[in-house]
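Coordinate analysis (summary)
Here is what each chain is made of, one letter per residue.
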Amino acid sequence: MRKFPINMHLNVDSFLPASDAEKEYMVQMRPSTTFFRDGVKRLLKNKIATISFIMIIIITLACILIPLFWPYKYDKQLGISLGKPVDPTYANLRPFEYGETEQAKIAAGETVFPHIFGTDSAGRDYFIRVVYGTRISLLVGFFASLIVLVIGMTVGSIAGYCGGKVDIVIMRIVDIIYSLPDMLMVILLSAALNNSGLDKLIQGTVLEKIGLNILSLFIVFGLLYWVSMSRLIRGQILSLREQEYVLAARACGAKPGRIIKKHLMPNCIGVVIISTALQIPSAIFTESYLSFLGLGVNAPMPSLGSLASDALNGIHSYSYRLIIPAVVISLIVLSLNLFGDGLRDAFDPKLNK
Amino acid sequence: MNSKMAFYIVKRVLLALFTVFLVITITFFVMHSVPGGPFTSEKAISAEAQKALEAKYGLDKPLFEQYVSYLKDIVTELDFGPSIKTRGRDVADIIADGLQTSAKLGVAAAAIALVFGIILGAVAALRRNKPIDRIIMVFTTAFVSMPSFIMGSLLLILFAIVLNILPANGSTAEGLILPIITLSLSPLSNITRLTRSSMLDVLGQDYIVTAKAKGVPHIKVLFGHALKNALIPVITYFGPMLAYIVTGSLVVEQIFAVPGIGREFVSSITNRDYPLIMGTTIVLAVLIVVMNLISDILYKVVDPRIKFE
């Protein structure tokens, strides 16, 4: 077919099936990546963050799985059994030592599960207490951060969205709470809540099992620690709202619901996850601090802070009893912090200096 | 600019005053909302004796009246009322006694943190990515996230039990060494990291290049131009540092048996000595709020580039 410069006819050749050589051009050399996958890749490249993450996984799995098969219970005083006189040889065992009845069993050829970390002054297996303490600390850290996240996100997004007077009022309240010395207020509130009549109120409910002290810790977190999270989210929403792509979406006629779901949330979520991840170690820290002061979990439930605090009494003869929870808590806080930093570097390249 | 600065200072002072007022109010009402009162835990007390005690401490009056008189006593004569568990002593006396020891501890810890933090931070920045920088960064990363009670316990085990070179009891002057080190390590690490990053920032600025190009001596560039400007962000850390030292001293004084305000506070919580809890909380909170105020104002005054809101 001849080609004329001003031919209105379509060129039929353009509609021929593509040859293999032409198809080659369209082949994807590598699959397209999403924001999430990109972030994970960057995270895995960061050795410190990866090691921290593995550490967190190991510790978490250990404190979930070990109590399932461990032959001792965290609150079982080994020297005390029904119908027999109290056997005092079980208290304050050093690592891999045995109580009298256990030694008799070993002499008779039976195998007895060793007390890896010995026992505490009440004759309880110390290893399982450390495991339980870790479990409590992790749980408290996780749920406290969740509470902070939910409250902070709600208040922050309301302030960011509504703007105007609502924003001003909310932000003044946030400013005031922010200026309070947080740790002192936490101690004060926990001291008051622990002595309040709340324990009668929660008797018989699920909440009783959690214990009043942990519950008051959650209340305190819900009252005081949401402010920085809500500030962050408000700032995010305020700046995102003014972005060109939001304006473009609005110009195209997108409804507010779609703008929130498709544009604001995905851009906000990274920062939210990162600051929640960094909130966990600080919650664990606060819990152990309060437990150390005697305002944390209720006995006989152990937490890493209360274990360390109990060990302080026998520090001269049994210093390993303090070192073990101290090392565990440092490991948890350090690896969570480093992992959080890694997350921030990987998922928020804008923040990365 | 000057009127703006004055306005800012007035605003900040008013906010600080309001915060102090709020702390007193919260402390008062939280402690008074606890049912039972401080005398219920004591055994064998008759109804009349209970009444007499309550009348003596003014607990029988309406709550709001108690609040107003409590507030008035604090503002006019720094009187926090009598301690309930330590008979015959005023809360203000106990706090003043405790503060003497705690102030030594806190000031020494803050001074050590500042001096060594700035030196280490500057060294790390100048020897960036060299072994010494790496070592400093590894240690500061570990120390920053280590809770004070763990640091204190580990130092106690290491120096007082294993090596046995320093006393574990903090009631003597020598015994204060370990608590001071414990309290200073975390702020020291924070200041080191802060100084390092702001020093790196400053060293890349044009005016450093200009100064070098003009032929200003190396030492003078470092101290006169770089470090002077790099220290401005460190000022903002004064407030948080004091807050850390105050809350840290609560447990550190417990660990090392230092007779300071922190130990009084902790024992007042276990003893349920409500006036003492309230008094200590308020005094410590005022300290933190004032320090935050000072560091905020200083930060804006020192650096003219920072805008006033």
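All of these numbers come straight from a predicted model, not from anything done at the bench.

Conventions adopted
Residues numbered from 1 in each chain as written. Chains lettered and ligands numbered in written order. Predicted model: local features only at pLDDT ≥ 70, side-chain atom pairs only at ≥ 80, totals over all residues. Heavy atoms only, no water. Domains from an automatic or database assignment. Contact = heavy atoms within 4.5 Å. Buried area = accessible area lost by both parts, 1.4 Å probe. Salt bridge = Lys/Arg side-chain N within 4 Å of Asp/Glu carboxyl O. Helix = DSSP H or I, 4+ residues; strand = E, 2+ residues; numbered from the N terminus. Buried < 20%, exposed > 50% of the residue type's maximum accessible area, 1.4 Å probe, protein only. Expected span 1.5 Å × (residues − 1). Arc of directions from axis to C-beta. 1 Å grid on protein atoms, 1.4 Å probe; cavity = no way out; pocket = protein on both sides within 12 Å on 5 of 7 lines; lining within 4 Å. Points joined across faces, edges and corners; volume = space filled by probe spheres on them. Nonpolar A, V, L, I, M, F, W, Y, C, P; charged D, E, K, R; others polar. Phe/Tyr/Trp six-rings, centres within 6.5 Å; stacked < 30°, edge-to-face > 60°.

1. Here we look at the domain arrangement of chain A
All names here are of chain A. As assigned here, chain A comprises domain 1 (38-71 + 128-351) and domain 2 (77-123). Here the C-alpha centroids of domain 1 and domain 2 sit 39 Å apart. On the side of domain 2, 10 residues touch domain 1, which itself brings nine residues to the contact. Between domain 1 and domain 2, the buried area comes to about 810 Å², and carbon and sulfur atoms account for 63% of it. Of all residues in domain 1, the largest losses of buried area upon contact with domain 2 belong to Trp70, Tyr320 and Arg321, amounting jointly to 50% of the total for that side. At the junction of domain 1 and domain 2, the tally comes to zero salt bridges.

2. What about the pattern of salt bridges?
All names here are of chain A. Overall, the coordinates contain eight salt bridges over all chains when judged by the stated rule. The salt bridge involving Asp175 is made with Arg172; its shortest N-O contact spans 3.2 Å. Separated by three residues within a single helix, Asp175 and Arg172 lie in helix H6 (residues 164-179), roughly one turn from each other. According to the relative accessible area criterion, Asp175 is partly exposed, its value standing at 21%. Overall, the relative accessible area of 49% leaves Arg172 in the partly exposed class.

3. Overview of helix H5 (residues 131-144) of chain B
Residues and elements named next belong to chain B. Taking 1.5 Å of rise per residue, the 14 residues of H5 would be expected to cover 20 Å, and the 20 Å separating its terminal C-alpha atoms lies within 8% of that figure. Considered for burial, the residues of H5 that qualify are Asp133, Ile136, Met137 and Thr140. Seen end-on, H5 carries its buried residues on one side only, within an arc spanning 100°. Turned more than 90 degrees away from the buried face of H5 sit Pro131, Arg134 and Val138, all of them exposed. Elements in contact with the buried residues of H5: helix H4 (91-126) and helix H7 (177-203).

4. Digging into empty space enclosed by the protein
All names here are of chain A. Under the criterion given, the structure shown has one cavity of 30 Å³ or more. Of the pockets and cavities examined, the largest cavity occupies roughly 40 Å³. In terms of lining, the largest cavity is formed by Ile56, Ile59, Thr60, Leu138, Ile332, Ser335 and Leu336. Contributions of two or more residues to the lining of the largest cavity are made by helix H3 (47-69) and helix H15 (320-347). Among the residues making up the lining of the largest cavity, the classes are represented as five nonpolar, two polar and no charged.

5. As for the side chain of Ser52(A)
Summarising the element assignment, Ser52(A) is placed in helix H3. Once you skip the residues sitting within four places of it in the chain, Ser52(A) turns out to touch Ser335(A), Leu338(A) and Phe339(A).

6. Observations concerning the packing of aromatic side chains
Residues and elements named next belong to chain B. The full count for this structure, using the stated rule, is 16 aromatic pairs over all chains. Ring centres of Phe18 and Phe21 lie 6.3 Å apart, and the angle between their planes is 40°; on these two criteria the pair is classed as tilted. Of the two residues, Phe18 and Phe21 both sit in helix H1 (residues 2-33), three residues apart, roughly one turn of that helix. Phe18 sits in the partly exposed class, given a relative accessible area of 36%. A relative accessible area of 36% means that Phe21 is categorised as partly exposed. An angle of 45° between the planes, with centres 5.9 Å apart, marks the rings of Phe64 and Tyr67 as tilted.

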